[in-house]
Amino acid sequence: MNSTQTKYKRTVGGAFLVEESDPNSIFIYEELSEEQRMIAQAMEDFINAEIEPIWNKIDSKEGIEIGRKLLEKAGEMGFLGLEVGEEYGGNQMDFITAIAWTEKACASYSFALTIGVQTSIGIAPMYLYANPEQKAKYLPKMVSGELKTCYCLTEPGSGSDANSGKTKAVLNPEGTHYILTGQKMWITNSGFADVFIVFAKIDDDKNLSAFIVEKEFGGVSLGAEEEKMGIKGSSTRQVFFNEVPVPVENLLGERGDGFKMALNVLNTGRIKMASAVTGMAKKGMQWTNQYALERKQFGEPIGNFGAIKHKIGNCNAKLYGIESGLYRTASNIDSKFDELIDEGMSREEAKWRSISEYAIECAIMKVYSTEAGSYMADEGVQIHGGMGYSAETKIETMYRDARINRIYEGTNEINRMLSVDMLLKKALKGKIDMMTPAMAVQKELMSVPSFNTSASTEYLAEPLKMVVNFKKAILMVAGAAVQKLMQNLKDEQEILMNISDMLIQAFVFESAVLRTIKLKNINGAPTAGTEEMTYILMHEAANVINNAGREVIYAFSEGDEMRGLLMGLKRFTKLNPYNLKTARRTVADISLEKVGYVM
Ligand SMILES: Cc1cc2nc3c(=O)[nH]c(=O)nc-3n(C[C@H](O)[C@H](O)[C@H](O)COP(=O)(O)OP(=O)(O)OC[C@H]3O[C@@H](n4cnc5c(N)ncnc54)[C@H](O)[C@@H]3O)c2cc1C
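Along each chain, residue indices are assigned from 1 in the same order as the chain's sequence is written. Reporting in this predicted model follows two pLDDT cut-offs: at least 70 for local features of residues, and 80 or more for side-chain atom pairs to be given and counted; totals over whole chains, interfaces and linings ignore these cut-offs and use all residues.

**Describing the overall build of the chain**
What counts is decided by this rule: Only DSSP runs of H or I with at least four residues qualify as helices, and only runs of E with at least two residues qualify as strands; both kinds are numbered from the N terminus onward. The globule rule is 2.2 Å times the number of residues to the power 0.38, and the radius of gyration it is compared with is taken over C-alpha atoms. Contacts are defined on C-beta atoms placed from the backbone: any two residues whose C-beta positions lie within 7 Å are in contact.
From N to C terminus, the chain includes 19 helices and 10 strands. The globule rule puts the C-alpha radius of gyration for 599 residues at 25 Å, and the 24 Å found for the chain is close to it. Residue pairs in contact within the chain that sit at least 24 positions apart in sequence constitute 79% of those at least 6 positions apart.

So, in structure tokens, the structure goes:
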């Protein structure tokens, strides 16, 4: 399917920080086409029929074998090759469709891992980097579910520092096979995988290479299933490679390109994780609202209490933020893809290049969604009271399952630092002009602030103004930190994490503002609850940006410089009074009426 949704003005990845907000530049969830909705619905029907009735078995070791069989069934039904080319049995869908599908597929407890790894980090290295012969041999069977696959990067001694792995490949004297030896750890789907995508170093290479390893090659053995906090029905084992003979034709991509490939595949995984979180969070909202309506204390449903409405209001706002940033990023990826295809690039190269163009947004969405997901699961448990602590409830499973999301696909610390690092590198390379707007902010700070208090009549005038101001705050704080610390900034992780927090909030909030405005433009009237959620997110963003900004300023400046920066930060994060209590109540009332997410 060719994307029909790439007419939106696309920005360079990361350039949202310096560009003007334009509601017409973003794609929103509500613009999904009939076909995209149908594909997502088909997946939802599958999960409702196959997973929901046995959710508690899925949340146990028994779920591993059930998941394996269901993976085959999903393959038979054509669910596993959404983005894969039609010539290999796939559906060749655009990225937005894949995102909408992932939301439904991964709203499935531990099965989310089983199907997520097969379709994302399992199959992706193959369709992105395999040569035509390798694709013809493996991809159709992976797409049909006949071959189960896993992604073997992590080792006992190399997690976040993935390129330091010790697994080694040495060419045999005949030159026919690489002899692979090493140990991988925490490998999802490994218990039943037939094909292992293994990252290893050839000889004493500096960088990893990637290999397609069949279990049948011999020398592959597995550790026991790990005893985990959550996702108990997902297979996670150690994998041992003991002089495994891998035919030379099973080198994936070029020698030494494995680390680059691994990172590009992880970019896909990161943005898809935001989609997976969205799917599970929507279910969590249903259970929680249902419970709040049914559970009575002090003679009335607990959903009537302000303290409960406060939580429901916040959870909805966060979900609105995730969804807004997610579909904005997905359509940017599709637009870039279409542009590269028009330039004559192959589908495969265009695919990974378009995703890596938005690696900053992928990292941002991974961090925000997984932390918001944990927050929502936690508040869901709280609203369930004692029942939330009972293993009989789905919300308890969701709470445990949510925790891993902040650890894999790059820990949230690594993703935070990456987002800032990538942004600064793009600025250094001249791909994003941060200097001109940063200088403009400095100039503005020297001038007397405007005391024009006449209210603008523009729709969402204050949120729009605050999008601009939040970006100014980031440019001011980050710009000053870069100037002062120069090369040493990379060693100041606390500062990088703070700047990342500011970036994350600015991106998510801006996405929500633009969606709210676009929705009003489309429908001719505001959509219930969207303005309130936008304001809730604005206040969250102002608080985080102000706190994180102050921490950065305190960490590297002093005297007049510090005072000037603090004044600037205050100016750029100052909000008009707004009744958040009423806003949360309004959102919560809609949510309770819908028995779920307001949108
Ligand atoms: C259930 C599960 C499934 C998984 N599935 C897979 C899979 O299918 N394939 C696969 O290859 N891997 C998989 N992983 C591994 C996962 O990707 C790693 O656990 C993750 O990358 C973190 O590595 P680590 O556990 O070694 O933690 P470490 O890298 O040791 O990190 C420990 C802590 O130190 C922090 N830290 C590390 N380096 C830095 C730094 N430079 N600066 C600041 N802080 C730092 C981290 O953020 C973290 O908080 C899985 C893990 C789990 C638990």
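Structure's up, so let's keep going.
**Describing the domain arrangement of the chain**
Applicable threshold: Where each domain begins and ends follows an automated or database-derived domain assignment. Here the nonpolar group is Ala, Val, Leu, Ile, Met, Phe, Trp, Tyr, Cys and Pro; Asp, Glu, Lys and Arg are the charged ones; every other residue, Gly included, is treated as polar.
Assigned domains within the chain: domain 1 (15–147), domain 2 (151–252), domain 3 (258–413) and domain 4 (419–450 + 457–583). The interface is formed by 26 residues belonging to domain 1 together with 30 residues belonging to domain 3. Of all the elements in the fold, those that place two or more residues in the side of domain 1 that touches domain 3 are α4 (95–105), α5 (111–122) and α6 (124–129). The class makeup of the residues in the side of domain 1 that touches domain 3 is 18 nonpolar, four polar and four charged.

**Some remarks on the site of the ligand**
In plain terms, the rule: As a rule, any residue with its backbone-derived C-beta atom within 6 Å of a molecule or strand is reported as near that molecule or strand.
In the neighbourhood of the ligand, 20 residues make up the surrounding shell, with Leu153, Gly159, Ser160, Trp186 and Thr411 lying closest. Going through the elements one at a time, β1 (149–152), β3 (177–188) and α13 (412–428) are the ones with two or more residues in the shell around the ligand. Classifying every residue of the shell around the ligand gives 11 nonpolar, seven polar and two charged. Each of two domains, domain 2 (151–252) and domain 3 (258–413), supplies a minimum of three residues to the shell around the ligand.

**A few points about the environment of Ile522**
Take Ile522: it is sitting in helix α16 (residues 493–523). In this structure the C-alpha to C-alpha distance between Ile522 and Glu30, which are 492 residues apart in sequence, comes to 9.8 Å.

**A short note on the packing of helix α9 (residues 306–342) against α16**
For any two helices packed against each other, the geometry comes down to the angle between their axes and how far apart the axes lie. Stated precisely, the cut-off is as follows: Think of each axis as a best-fit line through the C-alpha atoms, taken over the contacting stretch in the case of a helix, with angles from 0 to 180 degrees between the N-to-C directions. Angles are sorted into four bins: roughly parallel if under 35 degrees, roughly antiparallel if over 145, roughly perpendicular if 65 to 115, and oblique for all others.
Two elements in contact, α9 and α16, have axes separated by 8 Å at closest approach and are oriented at 85 degrees. The angle between the axes of α9 and α16 places the two elements in the roughly perpendicular class. On the side of α9, the interface is formed by Tyr320, Gly321, Ser324, Gly325 and Arg328, while α16 contributes Phe507, Val508, Ser511, Ala512 and Arg515. Here the residues of the contact of α9 with α16 are counted per class, giving four nonpolar, four polar and two charged.

**Points about the nonpolar core**
Nonpolar side chains tend to gather and get buried jointly when the protein is soluble and globular. Test applied: The term nonpolar core means buried Ala, Val, Leu, Ile, Met, Phe, Trp, Tyr and Cys residues held together as one set by C-beta atoms within 7 Å. To sort residues by exposure, count the other C-beta atoms lying within 10 Å of each residue's C-beta; 20 or more gives buried, 12 or fewer gives exposed, and values between give partly exposed, all with C-beta atoms placed from the backbone.
Phe211, Ile474 and Val477 are the most contacted members of the largest nonpolar core, which totals 182 residues. With 15 residues, the single largest contributor to this core is α16. In contact with Ile474, not counting residues within four places along its chain, are Leu17, Ile499, Met502, Leu503 and Ala506.

**Focus on the environment of Arg403**
Here Arg403 lies in the loop between α12 (394–402) and α13. For Arg403, a count of 17 C-beta atoms within 10 Å corresponds to the partly exposed category. Put simply, Arg403 and Met599 are 196 residues apart on the chain and 25 Å apart in space, counted from C-alpha to C-alpha. Non-local contacts of Arg403, meaning those with residues more than four positions away in its chain, are made with Met229, Gly230 and Ser374.

**Side note on helix α8 (residues 258–294)**
The condition that has to hold: One less than the number of residues in a helix, times 1.5 Å, gives the span that helix is expected to have.
The terminal C-alpha atoms of α8 lie 53 Å apart, and with 37 residues this matches the ideal 54 Å at 1.5 Å per residue to within 8%. α8 sits mainly inside the fold: 28 of its 37 residues count as buried.

**A short note on α5**
Extensive coverage of α5 is indicated by the burial of 12 of its 12 residues. Among all positions in α5, only Phe111, Ala112, Leu113, Thr114, Ile115, Gly116, Val117, Gln118, Thr119, Ser120, Ile121 and Gly122 are buried.

**Section: the pairing of strand β5 (residues 209–214)**
We apply this condition: Whether two strands pair comes down to DSSP finding at least two bridges between them.
Among the six residues that make up β5, five are buried, leaving the element largely enclosed by the rest of the structure. Bridge count for strand β4 (residues 195–202) against β5 is six bridges, and the pairing is antiparallel. Bridge pairing links Val198 to Phe211 in β5. Turn length for the β4-β5 hairpin, with the two strands adjacent in sequence and antiparallel, is six residues, and the turn residue Asp203 shows positive phi of about 50 degrees.

**Here we look at unusual backbone geometry**
The backbone of Phe298 sits at a positive phi, close to 50 degrees, despite the residue not being glycine. In this structure, Phe298 sits in the loop between β9 (296–297) and β10 (300–301). We classify Phe298 as exposed; it has 7 C-beta atoms within 10 Å. One non-glycine residue with positive phi stands out, namely Glu409, at about 60 degrees. Mapped onto the elements, Glu409 comes out in the loop between α12 and α13.

**Observations concerning the environment of Phe211**
Considering the arrangement of structural elements, one finds Phe211 in strand β5. Residue classification places Phe211 among the buried positions, given that 26 C-beta atoms sit within 10 Å. Sequence separation between Phe211 and Val246 is 35 residues; the distance between their C-alpha atoms is 7.8 Å.

**Overview of the packing of helix α15 (residues 461–485) against helix α18 (residues 559–573)**
Our working definition: Crossings are classed by handedness, with left-handed meaning an anticlockwise turn of the near helix from the far one by less than a right angle and right-handed meaning a clockwise turn.
Across the interface, α15 lies against α18 with an axial gap of 8 Å and an inter-helix angle of 160 degrees. Regarding the angle of α15 to α18, the classification is roughly antiparallel. In this structure, the crossing between α15 and α18 has a hand that is left-handed. For the pair α15 and α18, contact is made by Asn469, Phe470, Lys472, Ala473, Met476, Val477 and Ala480 and by Leu565, Gly568, Leu569, Phe572 and Thr573, respectively. Looking at side-chain class alone, the contact of α15 with α18 contains eight nonpolar, three polar and one charged residues.

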